[in-house]
Every structure is written in structure tokens, then in C-alpha cells.
Amino acid sequence: AALDRCSGRYEGGSVKRSSTPHGITSDEWNRLHPVGTMIAYEFVKGDPPFMSKTRSEAWDLGHGAPIVKIEGKSGGVLLSHLTVIP
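Residues numbered from 1 in each chain as written. Predicted model: local features only at pLDDT ≥ 70, side-chain atom pairs only at ≥ 80, totals over all residues. Heavy atoms only, no water.

> Outline the pairing of strand β7 (residues 66–69), supporting the account with residue identities and numerical values.
Where strand β6 (residues 59–60) meets β7, two bridges bridge the pair, whose relative direction is antiparallel. For D60, the partnering residue across the bridge sits in β7 and is P66. Linking β6 back to β7 in an antiparallel pair, the connection comprises five residues, with G64 at a positive phi of about 105 degrees. Note: β7 against strand β8 (residues 76–78), three bridges, orientation antiparallel. When the bridges of β8 are listed, I67 appears paired with L78. What sits between β7 and β8 in their antiparallel hairpin is a turn of six residues, with G72 showing a positive phi close to 90 degrees. (Pairing = 2+ DSSP bridges. Helix = DSSP H or I, 4+ residues; strand = E, 2+ residues; numbered from the N terminus.)

> Just give me the short version of the sheet that holds β7, but keep the residues and values in it.
The strand order across the open sheet formed by three strands is β6-β7-β8, and the pairing between neighbours is antiparallel. The open sheet has two free edges, formed respectively by β6 and β8, since each of these has just one partner strand.

> Describe the environment of H33, naming the residues involved and giving the relevant values.
For H33, the position within the fold is in the loop between α1 (26–32) and β4 (38–41). Under the relative-accessibility criterion, H33 is labelled buried at 18%. For the pair H33 and V84, spaced 51 residues apart in sequence, the C-alpha to C-alpha distance is 8.6 Å. (Buried < 20%, exposed > 50% of the residue type's maximum accessible area, 1.4 Å probe, protein only.)

Below, the structure is given as C-alpha cells:
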């Protein structure tokens, strides 16, 4: 099946959203975690976490990685680097 790069769809169906290693997609994240959700962000596994909160809904990069903006950092961060603080 060919990919129509303008629409992001494969002939005969839509592109499956990418998920994090934890299995959550950007759409699932947005349903479960509204903007303002408290999170702990680890840029490198094992580093002390950066405590923050989300400042956008999650979306997928062109290659499919799901990201979200958080307070105190520029650009988006990978959902796989976040832990939600209850």
C-alpha cells in the first residue's frame, strides 16, 4: 500500500498512531491527561526528575513519536520520558 504524504494515510486505511514503550498513544494520553497534568520528566533514565506540568495536548512527530510540551522546557518532550504524578 502506498502512503499519501499529504494526507498521512495509507491507501485503504489511516496510519496507526505510534505509541510509547508504555503503550500509550498521543490520543490516549489526551483522553487521560488534560493540559496542566503534573508530571516528572527524566531526560536521561536515572537522572533526578524535573517536576513540571503539561502545557499542551500531546501530538505525534512526523516519524510517529508522541510528544507534549511541559512548563520549564522548550519544544516537546517524549511521553516515554514522563511519569504522571497522581
